[in-house]
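Chain by chain, the residues:
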Amino acid sequence: MKFDTPAGANPIDTMTVVGRPHTRIDGPLKVTGLAPYAYEHHKEVESPAYGYVVGSAIAKGRITNLDTSAAKAAPGVIAVVTAEDAGKLGKGNFNTVKLLGGPEVDHYHQAIAIVVAETFEQARAAAGLLKVDYARAKGRFDLTEGLKTAKLAGGGDSGNEAKEDRVGDFEKAFGEAPVKIDVEYTTPDHSHAMMEPFASMAVWEGDSVKVWTSNQMIAWGHGDLAKTLGMPKEKVRLMSPYVGGGFGGKLFLRTDAVMAALGARAAKRPVKVALARPMMANNATHRPATHQRIRIGATKDGTITAIAHESGSGDQPGGSPEIAAAQTKLLYAGSNRLIAMRLAELDLPEGNAMRAPGEAPGMMALEAAMDEMAEKLGMDPVAFRIKNDTQVDPAKPDRKFSQRQLVRCLETGAEKFGWSKRQAKPGSVRDGKWLVGMGVASAFRNHMNMTSGARVRLGSDGIVTVETDMTDIGTGSYTIIAQTAGEMLGVPAEQVVVKLGDSSFPVSAGSGGQFGAANATAGVYAACVKLREAVAQRLGYNSADVTFKEGKVTSGNRSASLKDAGRGGELVGEDKIEFAGLDKAYQISTFGAHFVEVGVDSYTGVVRVRRMLAVCAAGRIINPVSARSQVIGAMTMGVGSTLMEELAVDKRFGMFVNHDLASYEVPVHADIPHQDVIFLDEADDKANPMKAKGIGELGLCGVGGAVANAIYNATGVRVRDYPITLEKHLEKLPEVA
Amino acid sequence: MKAFTYERAKDPVAAARAVAGRSGAKFIAGGTNLLDLMKIEVETPTHLVDVQDLGFDKIEATKDGGLRIGALVTNTDLAADERVRRDYAVLTRAIVAGASGQLRNKASTAGNLLQRTRCSYFYDTNMACNKRKPGSGCAAIGGYSRQLGIIGVSDQCIATFPGDMAVAMRVLDAVIETIDAEGQRRSIPIADFHRLWGDKPEQDTVLKPGELITAVTLPRPLGGKHFYEKVRDRASYAYALVSVAAVIQDDGTGRVAFGGVAPRPWRVEEAEALLPKGAAAVTARAFQGATPTKDNAFKLPLATRALASVLAEAKG
Amino acid sequence: MGSAATAAAAGTAPLVAQGTSPSPAPINLPVKMKVNGKPRELKLDPRTTLLDALREHLQLTGTKKGCDHGQCGACTVIVNGKRINSCLSLAVMHEGDEVTTIEGLGTPDKLHPMQAAFIKHDGYQCGYCTPGQICSAVAVLDEIKRGVPSHAQADLTAAPGATGEEMRERMSGNICRCGAYSNIAEAMADVAGASA
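Parameters at a glance
- Residues numbered from 1 in each chain as written.
- Chains lettered and ligands numbered in written order.
- Predicted model: local features only at pLDDT ≥ 70, side-chain atom pairs only at ≥ 80, totals over all residues.
- Heavy atoms only, no water.
- Helix = DSSP H or I, 4+ residues; strand = E, 2+ residues; numbered from the N terminus.
- Rg over C-alpha atoms; globule rule 2.2 N^0.38 Å.
- Buried < 20%, exposed > 50% of the residue type's maximum accessible area, 1.4 Å probe, protein only.
- Contact = heavy atoms within 4.5 Å.
- Areas by Shrake-Rupley, 256 points an atom, 1.4 Å probe, with all protein chains shown as cover.
- Lys, Arg positive; Asp, Glu negative; His and termini not counted.
- Charge placed at Lys NZ, Arg CZ, Asp CG, Glu CD.
- Core = buried A, V, L, I, M, F, W, Y, C linked by side-chain atoms within 4.5 Å.
- Pairing = 2+ DSSP bridges.
- UniProt positions renumbered as here; feature names shortened; annotations may be inferred.
- Buried area = accessible area lost by both parts, 1.4 Å probe.
- Salt bridge = Lys/Arg side-chain N within 4 Å of Asp/Glu carboxyl O.
- Polar contact = N/O pair within 3.5 Å; in protein donor to acceptor, adjacent residues only side chain to side chain.
- Nonpolar A, V, L, I, M, F, W, Y, C, P; charged D, E, K, R; others polar.
- Axes fitted to C-alpha atoms, helices over the stretch in contact; angles between N-to-C directions.
- Phe/Tyr/Trp six-rings, centres within 6.5 Å; stacked < 30°, edge-to-face > 60°.
- Parallel < 35°, antiparallel > 145°, perpendicular 65-115°, else oblique.
- Left-handed = near helix turned anticlockwise from the far one by under 90°.
- Domains from an automatic or database assignment.

Chain B appears in an unreviewed UniProt entry as Xanthine dehydrogenase YagS FAD-binding subunit from Sphingomonas yantingensis.

As recorded by an unreviewed UniProt entry, chain A carries the name Xanthine dehydrogenase YagR molybdenum-binding subunit and is attributed to Sphingomonas yantingensis.

Right, here's the structure in full:
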């Protein structure tokens, strides 16, 4: 199905199943521990051997000697595989750095071997017996240093075009602006830290391999595993029915899948592998640190006349920049604009996408800078943002947003949150020892269109089954796909069987970039349209006027049960949604507003979040239950990145020092208060037939800025170096001793 | 994790003998710290002596009005004991500020005193660490040291003792009771129990090989108001950047010890005498000669401000 | 068990992790425990954690391995009525113990009230930390009932209540990176008959 004109009325508009709060259909399995994750397929594989992956002890250099003899002689060991005996390996299209190192080492904890043994305990112990000699080479580990000579890497979009993105004459307008700021913000490297470690189980059958893994994008992983192993795709099968969190860390093929396949081939046994937690932060990808400079110039009435956002980040050779300036092209009005990114080559682990790549760190800076500017103008930060709303792409004024209700998000939020009680003068509200402040930020992220396919079956038993390689990484895909098929075929979601995450199913959008829900359900919609035609045809109905409702198929005054339609043998509808044009003609984005109240301990500088509200405008909300969860989860991650999360770089050894979950702190229960989320009632007909857009990342975009602004409002101390840990404002707080 | 043999000891002297008699043997009780370190081969015992059946799991009143806490009493049970909550509240406060409910259910009193530093370089066997491998150097010095020590450290090691319970016990003048392979008992004041690193950072405490902790005794209650102020980035389940254990009397005198700053709970009696003069006076004396790094210099003002918070609360 | 000790390699324990001395061959040890009410007998490498005994030997994979170092709480199970991190406990040390895992709390057809409340309030997303959260949540309500103190209590001598603040503090040893905390608190409050 080609989607190239705005969606008209369609069966989804009925909203008898879609749009209704629905508990997760996979819930009963998840809460009873019966949902099988990659390492847990005991039913399918009786006695796998256990693999343990060994990481490099240096960040840059060469392995001069790798002695596996002691490991091979250790009890229970079946095989040891290193680059030397892995055979020729390719590198995945989506990988910047190869997934098995040696003799060259590209980064700390890059995998250099797998030890396979009868038991996990034996594999782990034998891994400690590898004797590895290295010749260390000088590496580049300092972003500040790297950015001094870093090349321009584009203007905010893909990073492919090495030129700045300019509108009007920024320098002139900024120079002439009566009110202006010029500020620099930094954000550190972040770790996805998903709860399920990277894990895979590989089983060879002749020259074919099937791999259960934990991966967000089955088609990417499938293609890249085949490419890495030098095999035709048909001989590789990837399955990922349950994914224990990804946040972008599992977008790509990672070493666990490759090493499980190599280990299983060498051991001639099914092998399962999970990366040890202390190896994950350096072995896997991370969100790169950024150095950002923001300049805003405005007239005295608060109209932005000039805005510049420049961001620098680092990555491995061949990598790409963190697109932290991207949102600044579209979020606010302003006739003169400069957007630029710089990329330094570093030998730290591979940087790559983490939830809301670009906007997450970019809006931590931009939305705090907007707060600084509002204060300088003597304006309320909500009013300042509203004043600079734009309904068109500022670079192409005839290109409208398909739907943009940022102002309503801000106004609704301000009212619900009690924004009018905020004191503009920082440091003026106290609650006992706590300094109390409120902060606001806009939320913004583009919606992306992705081709997405699905197959829907109506069994001879009347059961509807959806098959697609879409994944559910906690996002609620199982449920919203069931709701979509249920709506299209007139049955409750509970009666739809959803099968996900298998490379033998039609290729979907996958889970990432907040493109999953809207595109994958649109793909299911397309397949359902096909199935509806097949049903109508079998029943001898005119497909144009057929309705599917409450288990019945009706055309004019003729009616049959859906079950009856299946009786003559299984009917299958398969299709994919493809997009053309509308996202060029319109800017399709999602919007929101974050409101946060914090308390800052006037003695210790400790920050605790007291209240949080997000108002989101993201098209039709397919399932308010799981959509709300996406938003509160993103808000939680935003609190983490603002208050505590930082991969600390040891610039001598080129590694992230705090590489476990005790030392890389993410928020715990006690950090997060009750969270409120409001969805504006929307349906975006330019987006897709579902009239839905992404939500999973919108919830993260801006939260950090709102928290930071609340801290400033509480303390009067502006910290521009994230995370805002207590030492950064401690000595500027009121005297206490 | 290296392979080891395992035995479940039936009496304390036999247990002590089993460990004293062979190099590489260790006691295991709750195991929450030891197993963590064994998995990454920071600890590589060849033999484990499980002491859980030795019966040191009671809290009893002593003749002189104090409490005797069995070495195997769990953190949870110690914190929950009514006498402790009433008379030694600083101890309950410290314990419940540490770790998580699950860990406290398993962690023992003795094990908590013996927990090893959480320095990231100690935990990473690719990095030089004099504590893990004597003579190999200290990668933490000149590295990322925000969590690490500011006083009592040495040019061999700048790690801290990470616990909370012991900081409260230091304020309470707890005494650690042990038994050795010969059946000899000794009592070690907690002030002397944890070593300053000096040139032997591999030795955390003054215990001899095979010496087994049997109990911790608390002298008579001090009265006063009890506080444990733990400062950390996240609200729970995190090690202290700085912690303050304090017992403050109505007249403004009292006792105070700091956690998260040194190789042991940091208490300086002369500094304590300055409590009526306020937090700044106390910390100026307590941290005299401190050698913080650029990353952790904030711990000095933080200690002062955390103590000021306690003193303000004591005044009510 | 004492005789097994003689088979251990002599010599000192290497202080460096990546030593080269081979490990002694593991001698499996017997252990009996009751898991979800059923007596189970296993012969295990002494290095086997309770977590791996459950997941790999008894194939009860509801208990999750998130970090294997006591830093996340995904492996939480209830042993003799108390929640612990099963990753930081050797299976052989649980002779005679009664272990309850997520599978023992309820099944899809017969959910435990806490499991039902997690579904109702969407107290999860990816589901990986969920069994640990639920085991912890069940134990936390019991701890509050038993009067076990917490960091959230203002008055240590008073009985704690099932308040939002208490539950958030007590649940803090269970990390949920998806960030379902607010909903988990609602689910627990529902079961406790309180408000989060």
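From this point on, the discussion continues.
Asker: Give me the overall build of chain A: which residues, what numbers.
Answerer: The helix and strand inventory of chain A stands at 17 helices and 33 strands. Taking 27 Å as the expected radius of gyration for a compact globule of 737 residues, we find that chain A reaches 27 Å, a close match to that expectation. Dimensions along the principal axes, computed over C-alpha positions, put chain A at roughly 80 × 70 × 50 Å. Expressed as a percentage of the 737 residues in chain A, the buried residues total 68%. Taking contacts inside chain A between residues at least 6 apart in sequence as the whole, the part at least 24 apart equals 81%. Put simply, chain A shows about 23300 Å² of open surface, and 49% of that area lies on carbon and sulfur atoms. Looking at charge distribution, chain A has the averaged site of its 84 positive side-chain charges lying 1 Å from that of its 85 negative ones.

Asker: Run through the nonpolar core, naming residues and quoting values.
Answerer: Of all hydrophobic cores here, the largest spans 266 residues; its most connected members are Ile296, Leu489, Val535, Leu562, Phe595 and Val598 of chain A together with Met188 of chain C. When sequence neighbours within four positions are dropped, the list of residues in contact with methionine 188 of chain C reads Met114, Ala137, Val140, Leu141, Met167 and Met171 of chain C.

Asker: Report on the pairing of strand β22 (residues 452–458) of chain A, specifying residues and quantitative values.
Answerer: Looking down a regular strand, the side chains alternate between one sheet face and the other. Residues and elements named next belong to chain A. Most of β22 is tucked away, with six of its seven residues classed as buried. Note: β22 against strand β23 (residues 464–467), four bridges, orientation antiparallel. From the neighbouring strand, leucine 458 faces β23, where its bridge partner is valine 464. In textbook terms, the turn of a hairpin is the stretch between consecutive antiparallel strands, and for β22 and β23 this stretch comprises five residues, one of which, glycine 462, has a positive phi near 85°.

Asker: Residue-level account of the UniProt feature "domain: Aldehyde oxidase/xanthine dehydrogenase a/b hammerhead" (unreviewed entry) in chain A, with values.
Answerer: The feature "domain: Aldehyde oxidase/xanthine dehydrogenase a/b hammerhead" (unreviewed entry), as annotated in UniProt, sits at residues 32–138 of chain A in this numbering. Helix makes up 12% of residues 32–138 of chain A and strand 33%, whereas the separation of the span's terminal C-alpha atoms amounts to 51 Å.

Asker: Could you give an account of the interface of chain B and chain A, with specific residues and numbers?
Answerer: Each partner contributes residues to the interface: chain B has 40 residues there, and chain A has 43 residues. Interface area lost by chain B to chain A is led by Asp233, Arg234 and Arg305 of chain B, which between them contribute 24%. Inspection of the chain B/chain A interface yields one salt bridge. Two residues, arginine 146 of chain B and glutamate 727 of chain A, come together in a salt bridge whose shortest N-O distance is 2.6 Å. Between the two partners, chain B and chain A, sit 17 residue pairs in polar contact (both at pLDDT 80 or more). Listing elements by their share of the side of chain B that touches chain A, those giving two or more residues are α8 (120–123), β9 (225–231), α12 (279–286) and α13 (299–315) of chain B. Looking at the side of chain B that touches chain A, the element that brings in the most residues is α13 of chain B, giving eight residues.

Asker: Please set out the interface of chain C and chain A residue by residue, giving values where relevant.
Answerer: With 63 residues of chain C at the interface, the matching set in chain A holds 68 residues. With both chains or domains summed, chain C and chain A bury close to 5200 Å², and 57% of this area falls on carbon and sulfur atoms. On the chain C side of the interface with chain A, the three residues burying the most area are Gln125, Arg177 and Tyr181 of chain C, jointly 17% of the side's total. When the shortest N-O distance is used, the salt bridge between lysine 272 of chain A and glutamate 56 of chain C registers 2.7 Å. Seen at the junction of chain C and chain A, the total is 30 residue pairs in polar contact (both at pLDDT 80 or more). Listing elements by their share of the side of chain C that touches chain A, those giving two or more residues are α1 (50–57), α2 (102–105), α3 (113–120), α4 (130–146), α5 (164–170) and α6 (181–192) of chain C. Residue composition of the side of chain C that touches chain A, by class: 24 nonpolar, 24 polar and 15 charged.

Asker: I'd like a description of unusual backbone geometry, backed by residues and values.
Answerer: All names here are of chain A. In this model, glycine 102 is joined to proline 103 through a cis peptide bond whose omega is -5°. Among the secondary structure elements, proline 103 is positioned in the loop between β4 (77–82) and β5 (104–105). With an omega of -5°, the peptide bond running from tyrosine 722 to proline 723 counts as cis. Relative to the helices and strands, proline 723 is located in the segment after α17 (703–715). Look at lysine 268: it is not a glycine, yet its phi comes out positive at around 55°. Examined against the element boundaries, lysine 268 turns out to sit in the loop between α7 (255–267) and β14 (271–274). The class for lysine 268 is exposed, based on a relative accessible area of 74%.

Asker: Provide a residue-level description of the sheet that holds strand β10 (residues 242–248) of chain B, including the pertinent values.
Answerer: All names here are of chain B. A sheet is described by the order of its strands in space; here three strands give the open sequence β9-β10-β11, paired in antiparallel fashion. Of all the strands in the sheet, just β9 and β11 (254–259) have a single pairing partner and so form its edges. For this sheet the average axis-to-axis angle between neighbouring strands, irrespective of direction, equals 10°. As paired elements, β9 and β10 share seven bridges and run antiparallel to each other. Each bridged residue has a counterpart across the sheet, and for lysine 225 the counterpart in β10 is isoleucine 248. Of the strands in this sheet, β9 and β10 are in contact with helix α5 (residues 89–96), which crosses β9 at around 20°.

Asker: Explain the packing of aromatic side chains to me, using residue names and the numbers behind them.
Answerer: Residues and elements named next belong to chain A. Within this structure, the stated rule accounts for 17 aromatic pairs over all chains. Measuring from ring centre to ring centre gives 4.1 Å for phenylalanine 94 and tryptophan 220, while their planes differ by 15°; the resulting arrangement is stacked. Residue phenylalanine 94 is located in the loop between β4 and β5, and its partner tryptophan 220 is located in helix α6 (residues 218–229); the two are separated by 126 residues in the primary sequence. Residue classification places tryptophan 220 among the partly exposed residues on the basis of a relative accessible area of 24%.

Asker: Could you give an account of the UniProt feature "domain: FAD-binding PCMH-type" (unreviewed entry) in chain B, naming the residues involved and the relevant values?
Answerer: Feature annotation in UniProt assigns "domain: FAD-binding PCMH-type" (unreviewed entry) to the following positions: residues 1–223 of chain B. With 27% helix and 16% strand, the stretch residues 1–223 of chain B has end C-alpha atoms that lie 46 Å from each other.

Asker: Residues and numbers for the packing of helix α12 (residues 477–489) of chain A against helix α13 (residues 516–539) of chain A, please.
Answerer: Residues and elements named next belong to chain A. Between α12 and α13, the least distance of the axes is 9 Å, while the angle of their chain directions is 30°. The angle between α12 and α13 places the two elements in the roughly parallel class. Read as a crossing pair, α12 and α13 show a hand that is right-handed. Contacts between α12 and α13 involve Ile480, Ile481, Thr484, Ala485, Met488 and Leu489 from the former and Ala517, Thr521, Val524, Tyr525, Cys528, Val529, Leu531 and Arg532 from the latter. Class assignment for the residues of the contact of α12 with α13 results in 11 nonpolar, two polar and one charged.

Asker: Please give an account of the environment of valine 456 of chain A that cites residues and values.
Answerer: Residue and element names in this part refer to chain A. By the element assignment, valine 456 lies in strand β22. Here the alpha-carbon distance between valine 456 and alanine 687, two residues 231 residues apart in the chain, equals 22 Å. Residues within four places of valine 456 in sequence aside, it is in contact with Val464, Thr465, Val466, Leu489, Val524, Ala527, Cys528, Leu531, Leu571, Val572 and Gly573.

Asker: Could you give an account of the domain arrangement of chain A, with specific residues and numbers?
Answerer: Residues and elements named next belong to chain A. Here chain A is partitioned into domain 1 (2–35 + 449–580), domain 2 (42–138 + 200–275) and domain 3 (396–447 + 588–737). Placing the centre of domain 1 and that of domain 2 at their C-alpha centroids yields a distance of 37 Å. Taken together, the 21 residues of domain 1 in the interface contact 17 residues of domain 2. Carbon and sulfur atoms make up 57% of the surface buried where domain 1 meets domain 2, a total of about 1300 Å² over both sides. Among the residues of domain 1 in contact with domain 2, Ile473, Tyr478 and Ser503 are the three that bury the most area, contributing 34% of the side total. Along the contact surface separating domain 1 from domain 2 lie one salt bridge. Across the side of domain 1 that touches domain 2, the residue classes tally to nine nonpolar, seven polar and five charged.

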